[in-house]
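Each chain is listed here by its residues.
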Amino acid sequence: MQRRTAIALICGVAAVAAAVIYAGAGAVLQAVASLHLSGLLLLVLLHVPAVVMMGLGWWFASGDDPPATPLRFLWARFVRDAAGELLPFLQLGGVVFGLRALGRGRTLLIGAVSASIDGVVELTAKLPYVLAALLAIFLFARQSFGALLERMARAISARWPAMLGLDEGGGDFEVRECFERILRQRARLWWAFTLHLCCWFFGAAEMWVTFWLLGADLSLAQALAIDGTVVALRTFGWVVPGAAGVQEASYMLVAALFAIPPAVGLAASFARRGRDLVLGIGTFGIAALGDADVGLLTLTMPKRQRPRAR
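Residues numbered from 1 in each chain as written. Predicted model: local features only at pLDDT ≥ 70, side-chain atom pairs only at ≥ 80, totals over all residues. Heavy atoms only, no water.

On a plain count of helices and strands, the protein comes out with 14 helices and zero strands. Of the regular secondary structure in the protein, the N- to C-terminal order runs α-α-α-α-α-α-α-α-α-α-α-α-α-α. The buried share of the protein, reckoned over its 310 residues, is 46%. Roughly 17,000 Å² of accessible area belongs to the protein as shown, and the carbon and sulfur atoms make up 68% of that amount. (Helix = DSSP H or I, 4+ residues; strand = E, 2+ residues; numbered from the N terminus. Buried < 20%, exposed > 50% of the residue type's maximum accessible area, 1.4 Å probe, protein only. Areas by Shrake-Rupley, 256 points an atom, 1.4 Å probe, with all protein chains shown as cover.)

For helix H4 (residues 70–86), with 17 residues, the first-to-last C-alpha span of 24 Å sits near the 24 Å given by 1.5 Å per residue. Among the residues of H4, Phe 73, Leu 74, Trp 75, Ala 76, Arg 77, Phe 78, Val 79, Arg 80, Ala 82 and Ala 83 are the ones counted as buried. (Expected span 1.5 Å × (residues − 1).)

Time to look at the environment of Pro 128. Locating Pro 128 in the fold gives a position in helix H6 (residues 106–140). Apart from residues lying up to four places away in sequence, Pro 128 is in contact with Phe 193 and Leu 197. (Contact = heavy atoms within 4.5 Å.)

Looking at where Ala 205 falls in the secondary structure, it is placed in helix H10 (residues 186–213). On the basis of relative accessible area, Ala 205 is assigned to the partly exposed category, the value being 28%. Along the chain, Ala 205 and Leu 224 lie 19 residues apart, while their C-alpha atoms are 7.6 Å from each other. In this structure, Ala 205 is in contact with Leu 46 and Leu 220, ignoring residues within four places of it in sequence.

Think of a pair of aromatic rings as described by two things: how far the centres are apart, and how the planes are tilted against each other in angle. With the rule as written, the count across this model stands at six aromatic pairs. Ring centres 5.3 Å apart and planes at 85° place the aromatic pair Trp 58 and Phe 73 in the edge-to-face group. Of this pair, Trp 58 sits in helix H3 (residues 36–60) while Phe 73 sits in helix H4, placing them 15 residues apart in sequence. The exposure class assigned to Trp 58 is buried, which follows from its relative accessible area of 0%. Every member of this aromatic cluster is reached through a ring pair, and the members are Trp 59, Phe 60 and Trp 191. Taking NZ or CZ as reference, Arg 80 lies 4.9 Å from the ring centre of Trp 58, over its face. For the cation-ring pair, Arg 188 lies above Trp 59, with the distance from its terminal atom to the ring centre recorded as 4.5 Å. (Phe/Tyr/Trp six-rings, centres within 6.5 Å; stacked < 30°, edge-to-face > 60°. Lys NZ or Arg CZ within 6 Å of the ring centre and 35° of its normal.)

What follows deals with the side chain of His 47. Within the secondary structure, His 47 is located in helix H3. For His 47, a relative accessible area of 13% corresponds to the buried category. Excluding its chain neighbours within four sequence positions, the residues that come into contact with His 47 are Glu 206, Arg 275, Asp 276 and Leu 279.

It is worth spelling out the pattern of salt bridges at this point. Taken as a whole, this structure holds six salt bridges when the rule is applied. With a closest N to O distance of 2.6 Å, Arg 273 and Glu 248 form a salt bridge. Of this pair, Arg 273 sits in helix H13 (residues 262–290) while Glu 248 sits in helix H12 (residues 246–256); the two residues are 25 residues apart in sequence, bridging distant segments of the chain. By relative accessible area, Arg 273 is classed as partly exposed at 25%. Members of the salt-bridge network, linked through shared partners, are Arg 77, Asp 81, Asp 118 and Glu 122. (Salt bridge = Lys/Arg side-chain N within 4 Å of Asp/Glu carboxyl O.)

Right, dumping it as structure tokens:
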């Protein structure tokens, strides 16, 4: 599994390099430089409410007797996302670190079950967002799509003339019980779904700010179209650590529909990675200094050197 992951990562990095060469290294560097440090910090701060909503969604998905406070769930979600971004080689590493930040014992059990339920709720909330984005893409870029489809149809017709005819026109029981109990809390699951859905649409606002900082003039609806489509395309890149290459190609392809230069689309992708990197390093730094329950050193040290639990 690690070998396949390493190969996927190498291919992703190669795709990023190819994208930079295609867009022009100088143009990409100039676009990224136009963001400035203040712009990057603004994107970081703007993303914090989204993570807070995801943390609250997880708390709602933990049933009517949550094992931890909402604040603890928020912190666990920050750790979960930080580990997922900074440690892409670890399979499910983000979830493991997030659960460790949540607690131990019963808290860990309910946290694990609720995390799986929350993941399904989050994915379900993504679907209407992606559909809205695809609709927006169709409305705003229908001429580009029409031209693209026409070229594809004519190419097919030229190769296979008869095809289109254009010329003519805990224990297993405890886990199951916990799972069933949480699923019975319909109201809380709907709240989790609503928060995740709001979080996805909030991503459109983040996208608009990102392109605004890079000098691209977009409407919020156009930003929704770009972000939602990138989210959909990036979902298929889960096999590549950090969706390396997949994310960059998605930004460039979708931005091109709105006549945004490839360098700016690529810079927007790099801005997103920079935002996640800053948040991840900041979260891990806080955890290392002030949150012993995260157990970062415990998870990475050899077993004989692990400190005894308090």
